[in-house]
Structures are given as C-alpha cells and as structure tokens.
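# Structure assessment
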Amino acid sequence: GDSVTQMEGPVTLSEEAFLTINCTYTATGYPSLFWYVQYPGEGLQLLLKATKADDKGSNKGFEATYRKETTSFHLEKGSVQVSDSAVYFCALSDPNRDDKIIFGKGTRLHILP
Amino acid sequence: DAGVIQSPRHEVTEMGQEVTLRCKPISGHDYLFWYRQTMMRGLELLIYFNNNVPIDDSGMPEDRFSAKMPNASFSTLKIQPSEPRDSAVYFCASSFTGSMNTEAFFGQGTRLTVV
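The following refers to the structure shown.

What counts, and where the lines are drawn
Residues numbered from 1 in each chain as written. Chains lettered and ligands numbered in written order. Predicted model: local features only at pLDDT ≥ 70, side-chain atom pairs only at ≥ 80, totals over all residues. Heavy atoms only, no water. Contact = heavy atoms within 4.5 Å. Buried area = accessible area lost by both parts, 1.4 Å probe. Salt bridge = Lys/Arg side-chain N within 4 Å of Asp/Glu carboxyl O. Helix = DSSP H or I, 4+ residues; strand = E, 2+ residues; numbered from the N terminus. Nonpolar A, V, L, I, M, F, W, Y, C, P; charged D, E, K, R; others polar. Disulfide = S-S within 2.5 Å. Buried < 20%, exposed > 50% of the residue type's maximum accessible area, 1.4 Å probe, protein only. Pairing = 2+ DSSP bridges. Axes fitted to C-alpha atoms, helices over the stretch in contact; angles between N-to-C directions. Core = buried A, V, L, I, M, F, W, Y, C linked by side-chain atoms within 4.5 Å.

Here the focus is the interface of chain A and chain B. Across the contact, 23 residues belong to chain A and 23 residues belong to chain B. Interface area, chain A with chain B, both sides summed: about 1,800 Å², of which 52% is carbon and sulfur. Our count for the contact surface shared by chain A and chain B stands at one salt bridge. In this structure, Lys49(A) engages Glu103(B) in a salt bridge whose closest nitrogen and oxygen atoms are separated by 2.7 Å. When residues of the side of chain A that touches chain B are traced back to their parent elements, those giving at least two are β5 (32-38), β6 (44-50), β10 (86-93) and β11 (101-103) of chain A. With four residues, the single largest contributor to the side of chain A that touches chain B is β5(A). A class-by-class count of the residues in the side of chain A that touches chain B yields nine nonpolar, six polar and eight charged.

Encoded structure:
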C-alpha cells in the first residue's frame, strides 16, 4: 500500500543553519505531496504542496521539489529561525486510493538561538 | 469559515467512563478524518468518512472505539469504556476532493487524559 517515510528526529540545529528533512514515498498512482507543520499545542497546518512531478512547493522560506524518479519530496530551508521549531510531517494524497491522506511519522525540529 | 472545530479542547476522565469527542468539519468538505497522536506512535489514522459514510476503520484500535457521522456537519468519536492508554491528542481533519489539490484542514485537537 501507499506509505510515507521520513527521517526520524529530533533534529537540532543552530539558528541560520541549513535544513533538510528527507521524505520518500510509495504510491501506486501519481499522488499529490504535502508538508505539514505542527507548532506546540496546535493542530497540523499545511506548509506547502506539489501536485505533479518536478513541481516545487514553497512557503515561509521552505521549499520541496516533487521528484518522481527518486520518489522523494525533501524539505529544505536555507536559514532556519528559532520560530521554525516544530514537528514536520510529510504526506501524500493518492487519487487511486480515494484521496486518503497518508502521513509520515513526523520529524521534530529544534532550533537553538 | 471558522475551520474545523473540535470540542472539548481538553478532557480529563476516570478509567471506565465513556468519552465523546466532537468535530464539525469545514462546510462543503466531503472527507472527514479522525487521528490520534501520541509521543510513542506519532500520528495514527483511526477512521475516515467520505460523504458521511465510513470508508476505512482499520485504524480503530479496539471495539471500545466507535465513530459516527450522522450528517455532513458533525462527527463523534466515542470511547467506551476509556482506559489510561487512550490518553492522547485526538485530531479531526476534513478535506475536499474536488481537485488534485486535496489538503487536509485540522482542528486544534482534543487532549484526552484518562486517569
């Protein structure tokens, strides 16, 4: 079945460091891909998305490119801030699977000042 | 729209009691999801509905858990009887599948503590 695998956390970085959180997926069709972010005490909220191969999603300085050849959707940011500390979830929605949204296990990110 | 609304935000109950969590999805959305989040297991999909019909409940942990969606604007997740290991944050989410851009909108969650 469809699945999402992302790097385990926690990830701890200093402010202004470069961030990469790896995400790979397995799907039968051509899914849409998402990154969600969960700030402390809150629900998940959409950070960015991409709906077809080679699309790049971007928001708040974060970027991720839909790579069909490597089935990946890695999240990157060039210079992280303390306010980026949160849990990040990679997810997919597969039209061949009733568009059910499948989430990875989440990666906790700590940014040190 | 006010977004996905869950109630209560916090619930503390004694072991053995019945607990009912409530969710109001975004108007017009045709999918509704219930998730459970714990430190140990992360975010788990319990059940989801499409047009008020349960599609997949394979994530529901035990018969003590049940979910209903009597209409397009309301869903409940019930635990009877509750146990301490049910303590978690329960999220409801909804989405609209009218296009490829299906994204889930989450409520703020219900933090359940069973003592």
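Next comes the rest of the write-up.
All names here are of chain A. Taken as a whole and judged by the stated rule, the model has two disulfides over all chains. With a sulfur-sulfur separation of 1.9 Å, Cys 23 is cross-linked through a disulfide to Cys 90. Since a negative S-S torsion denotes a left-handed disulfide, the Cys 23-Cys 90 link at about -70° is left-handed. Highlighted residues: Cys 23 in strand β4 (residues 23-26) and Cys 90 in strand β10, separated in sequence by 67 residues. Given a relative accessible area of 1%, Cys 90 falls into the buried group.

A word on the sheet that holds strand β1 (residues 5-7) of chain B. Residues and elements named next belong to chain B. If you trace the four strands from one edge of the open sheet to the other, you get β1-β3-β8-β7, paired in antiparallel fashion. Of all strands in the sheet, those with a lone pairing partner are β1 and β7 (65-71), marking the two edges. Direction aside, neighbouring strands of the sheet carry axes that sit 15° apart on average. Summarising the sheet, β7 and strand β8 (residues 74-79) pair through five bridges and their orientation is antiparallel. The partner of Phe 65 across the bridge, within β8, is Ile 79.

Counting residues in each nonpolar core, the largest one holds 27 residues, and the members touching the most others are Trp35(A), Leu47(A), Leu48(A), Phe73(A), Leu75(A) and Tyr88(A). Every element with two or more residues in this core is listed here: β2 (11-14), β3 (19-21), β4, β5, β6, β8 (62-65), β10 and β12 (107-112) of chain A. No other element matches β10(A), which puts four residues into this core. Apart from the residues lying within four places of it in its own chain, the contact partners of Leu48(A) are Leu33(A), Phe34(A), Trp35(A), Gly57(A), Ser58(A), Asn59(A), Phe62(A), Glu63(A), Ala64(A), Phe73(A) and Leu75(A). One finds Leu21(B), Met60(B), Met69(B) and Leu112(B) within the second-largest nonpolar core, a separate group that totals 21 residues.

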